[in-house]
Amino acid sequence: MWKNRVLQATKAGVKRLSGGSTGSGSPSGGGGRRFAALWGNGDHGRLGLGRLESKWRPTVCPYFGVDDDPPLSVACGGAHTLFLTEKGHVYATGLNDFGQLGFVSEEGYTLKPVLVSELPENIIRISAGYRHSSALTDDGVLYMWGNNSSGQLGFGRTAEKVVSIPSKVDSLVGIHVKDIALGSEHSIALTDEGDVLSWGAGGSGRLGHGHQSSFLGFLGSSSEFSPRIIKNFDTVKVKKIAAGLLNSACIDEHGSVFIFGEKTTDKVHFGESKNATLPSLINEIPIAEEVACGGYHTCVITSDRELYTWGSNENGCLGHSGIDAIRMPQRVEGQLLNLPISEVSCGWKHTAAISGGNVFTWGWGGSYGTFYEEVLSSGGQLGQGDEVDYFEPRVVHLGDNVKALQISCGFNHTGGIFQYVESEEDT
């Protein structure tokens, strides 16, 4: 995908985020300067810090900020990360075993952000799935690349199983795509007209097309290899979409939340059925504005900027002071009580939210959880300075006069865009 053009690193190298820090490796406090910071598992270079080790605290990516094209957003996937800059350029770092970085690399990974040179320069939105990636232009053209084993790139049934170069989704040419969300092996697109299309792996009903299991539990032809409109939304316009491991979610123009896909016994109450193969309305939430899906949990921000979560609560990812599954949407309290939430993102088993320019995280920290190893670090994705699981939201210490603008959770790493402000009043 790219021509392997790497941003020039500063001589100061990687800096941990701290207030008042100066030097070319960490943005200084003046001028409202934006920067990217990441933390968590560092395997395969997914943090983009030029090395492999994990980080337990937010650490500034030193490869941006040396010119007039600062980072605008970050998207964390399975073991890779995408960056979008102000000028519409896309950079990628991390694991590249399925071409998810958008170029061919001999090592199979990269430690530093590299320009995805095959994309146009008018990209306004990026999204990272488990092993596939996407970028959206300002005129609504969708590009995708990476793993295509289940048709998640939308290139048709005869397309290659691995696509390393960003390519247009031809079946969507002429349709103005407004938003794109990537799950583990499926994709969802939102058009300017409020229509929703989905494609890729359809197991558990995550595409919302009503696929039913057979008597033996096998799904017949559940994958969609090209974008297919979800007909259940014909009578309403959708304004927000989200995709998780085996489930998906939408918010319509009235603020109603619809969920479809895997629920497990403890995830969402859909009567007695295990899965929702068609979009199912969740009645227990006030007017919704934002939605995010994780491994087996879902988060919604309401019009009153309150946060509701439900689903599997392994490692405390719901933020409700315990690990018991929550079958119905429940408001997150604790440190977030009475704080307006502006953004939320879900990882596999951890969650991050922004309120008042501060980042709060909770859930799986890495240690004593799934995939914990005695020698190798497996976590740090909460940014709390350790690998401990936290069952309630805890603020991430960002330093003096720093505010969070955007946050993204990957499988077991987290990234965000931050900005230095002149004074506390500006946060």
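Since the model is a prediction, treat every value here as computed from it, not as a measurement.

Counting its secondary structure elements, the protein contains 0 helices and 29 strands. Taken over 427 residues, the protein has a buried fraction of 60%. Long-range pairs, those at least 24 residues apart, make up 55% of the contacts in the protein between residues at least 6 apart in sequence. A total accessible area of about 16700 Å² is found for the protein, and carbon and sulfur atoms account for 47% of it.

It is generally the case that most residues other than glycine have a negative phi and that most peptide bonds are trans. With a phi angle near 65°, Asn315 is a residue other than glycine that sits in the positive phi range. Relative to the helices and strands, Asn315 is located in the loop between strand S22 (307-311) and strand S23 (326-331). Here Asn338, not a glycine, exhibits a phi torsion of approximately 70°, which is positive. Residue position: Asn338 is located in the loop between S23 and strand S24 (343-346). According to the relative accessible area criterion, Asn338 is exposed, its value standing at 64%.

We now examine the confidence of the model for the protein. Chain-level pLDDT for the protein is 87 on average; 83% of the residues reach the 70-or-more range. Contacts for the low-pLDDT stretch residues 18-30, under 50 throughout, to residues beyond four places or in other chains number 30 contacts. Segment residues 264-272 is flagged for pLDDT under 50; beyond a separation of four residues in sequence, or across chains, it makes 29 contacts in the model.

One can find Val196 in strand S14 (residues 196-200). For Val196 and Cys250, which are 54 residues apart along the polypeptide, the C-alpha to C-alpha distance reads 8.7 Å.

We now examine the nonpolar core. In this structure, Leu82, Val90, Leu119, Ile123, Ile126, Ala135 and Trp145 are the most contacted members of the largest nonpolar core, which totals 16 residues. Of all the secondary-structure elements, those providing two or more residues to this core are strand S5 (80-85), strand S6 (90-95), strand S8 (123-128) and strand S10 (142-147). For this core, the element with the highest residue contribution is S8, accounting for 3 residues.

So, on to the side chain of Ser187. Mapped onto the elements of the fold, Ser187 is located in strand S13 (residues 186-191). Once you skip the residues sitting within four places of it in the chain, Ser187 turns out to touch His132, Met144, Gln152, Ile180, Ala181, Leu182, Leu197, Ser198 and Trp199.

Structurally, His209 is set in the loop between S14 and strand S15 (224-229). On the basis of relative accessibility, which here comes to 13%, the residue His209 falls in the buried class. On a C-alpha basis, the gap between His209 and Ser198 in space is 8.6 Å, while along the polypeptide they are 11 residues apart. Leave out the neighbours within four places in its chain, and His209 touches Ser198, Glu224, Arg228, Ile229, Ile230, Thr277 and Leu278.

What follows concerns the layout of surface pockets. The calculated volume of the largest pocket comes to roughly 1200 Å³. Lining the largest pocket are 48 residues, and of these Ser127, Ala181, Val344, Ser345 and Ser408 sit closest to its centre. Those elements that place two or more of their residues in the lining of the largest pocket are strand S4 (71-76), S8, strand S12 (177-182), strand S16 (238-243), strand S20 (288-293), S24 and strand S28 (402-409). Computed from the structure, the second largest pocket encloses a volume of approximately 190 Å³. Forming the boundary of the second largest pocket are Asn41, Asp43, His44, Arg46, Gly78, Ala79, Leu95, Gln100, Tyr130, Arg131, Phe411 and Asn412.

Attention now goes to the pairing of strand S26 (residues 358-363). Counting buried positions along S26 gives 5 out of 6 residues, so the element sits mostly inside the fold. Two strands pair when backbone bridges link them, and strand S25 (residues 350-355) and S26 are joined in this way by 6 bridges, in the antiparallel orientation. Paired with Ala353 across the bridge in S26 is Phe360. Across 3 bridges, the pairing between S26 and strand S27 (residues 390-395) is antiparallel. Residue pairing for S27: Thr361 is matched across the bridge by Arg394.

Ordered by their spatial adjacency, 4 strands build an open sheet running S24-S25-S26-S27, and the pairing between neighbours is antiparallel. Unpaired on one side and paired on the other, S24 and S27 mark the two borders of the sheet. Strand after strand, the sheet turns through a mean of 15° between neighbouring axes, direction not considered.

This part covers the sheet that holds S4. Across the sheet, which stays open at both edges, the 4 strands sit in the order S4-S5-S6-S7 with antiparallel pairing between neighbours. The open sheet terminates on both sides in strands that have one partner only, identified here as S4 and strand S7 (109-115). Averaged over all pairs of adjacent strands, the angle between strand axes in this sheet comes to 10°, irrespective of strand direction. Relative to S6, S5 runs antiparallel, the two being bridged by 5 bridges. The residue bridging Leu82 from the neighbouring strand is Ala92, located in S6.

To continue, consider the side chain of Asp389. If you trace the backbone, Asp389 turns up in the loop between S26 and S27. One buried charge, Asp389, has no salt-bridge partner; the nearest side chain with opposite charge is Lys349, at 7.0 Å. Reaching out from Asp389, the side chain makes a polar contact with the side chain of Asn315 at a distance of 2.6 Å.

Our next topic: the packing of aromatic side chains. Under the definition given, this model contains 10 aromatic pairs. When the ring of Trp348 is compared with that of Trp364, the centres are 5.5 Å apart and the planes differ by 85°; the resulting orientation is edge-to-face. Linking Trp348 in the loop between S24 and S25 with Trp364 in the loop between S26 and S27, this pair joins segments that are 16 residues apart in sequence. Residue Trp348 is classed as buried on the basis of its relative accessible area, which comes to 18%. Classification of Trp364 by relative accessible area gives buried; the value is 0%. Consider the rings of Trp364 and Phe411, whose centres lie 6.3 Å apart with planes at 85°: the pair is edge-to-face. With a gap of 47 residues between them, Trp364 in the loop between S26 and S27 and Phe411 in the loop between S28 and strand S29 (413-420) connect regions that are remote in the sequence. With relative accessibility at 17%, the residue Phe411 sits in the buried group. One aromatic cluster is present, formed by Phe35, Trp39, Phe418 and Tyr420 through successive ring pairs.

The rules behind the values
- Throughout this description, residue numbers start from 1 for each chain and increase along the sequence as written.
- At least 70 in pLDDT is required for a residue's local features to be given in this predicted model, at least 80 for side-chain atom pairs to be given and counted, and no such filter applies to totals for whole chains, interfaces and linings, which use all residues.
- Only hydrogens and water are set aside; all other atoms, that is, all heavy atoms of the structure, feed into the side-chain values.
- A helix here means a DSSP run of H or I that spans at least four residues, while a strand means a run of E at least two residues long, and both kinds are numbered starting from the N terminus.
- Each residue is assigned to one of three classes by its accessible area relative to the maximum for its type, calculated with a 1.4 Å probe on protein chains only: buried under 20%, partly exposed between the two thresholds, exposed over 50%.
- Two residues form a contact once any of their heavy atoms are found within 4.5 Å.
- Here the open area of atoms and residues is found with the Shrake-Rupley method and a 1.4 Å probe, where only the protein chains shown may cover a residue.
- The predictor attaches a confidence to each residue, called pLDDT, with possible values from 0 through 100.
- What makes a nonpolar core is a set of buried Ala, Val, Leu, Ile, Met, Phe, Trp, Tyr and Cys residues whose side-chain atoms join them at distances within 4.5 Å.
- Detection works on a 1 Å grid of protein atoms alone, calling trapped sets that fit a 1.4 Å probe cavities and calling open sets with protein on both sides within 12 Å along at least five of seven lines pockets, with lining residues defined by an atom within 4 Å of a point.
- Grid points are joined across faces, edges and corners, and a volume is the space filled by probe spheres set on the points.
- Strand pairing requires that DSSP identify at least two bridges connecting the strands.
- What counts as an axis is a line fitted to C-alpha atoms, over the stretch in contact for a helix, and the angles between N-to-C directions run from 0 to 180 degrees.
- Counting rule for charge: Lys and Arg are taken as positive, Asp and Glu as negative, and neither His nor the chain ends is counted.
- By salt bridge we mean one thing: a side-chain nitrogen of Lys or Arg within 4 Å of a carboxyl oxygen of Asp or Glu.
- Polar contacts here mean pairs of N or O atoms no more than 3.5 Å apart (in protein, one a potential hydrogen donor and the other a potential acceptor; neighbouring residues in sequence count only if both atoms are side-chain atoms).
- Two aromatic rings, drawn from Phe, Tyr or Trp (for Trp, its six-membered ring), form a pair once their centres lie within 6.5 Å of each other, and the interplanar angle then sorts them: stacked below 30 degrees, edge-to-face above 60, tilted otherwise.

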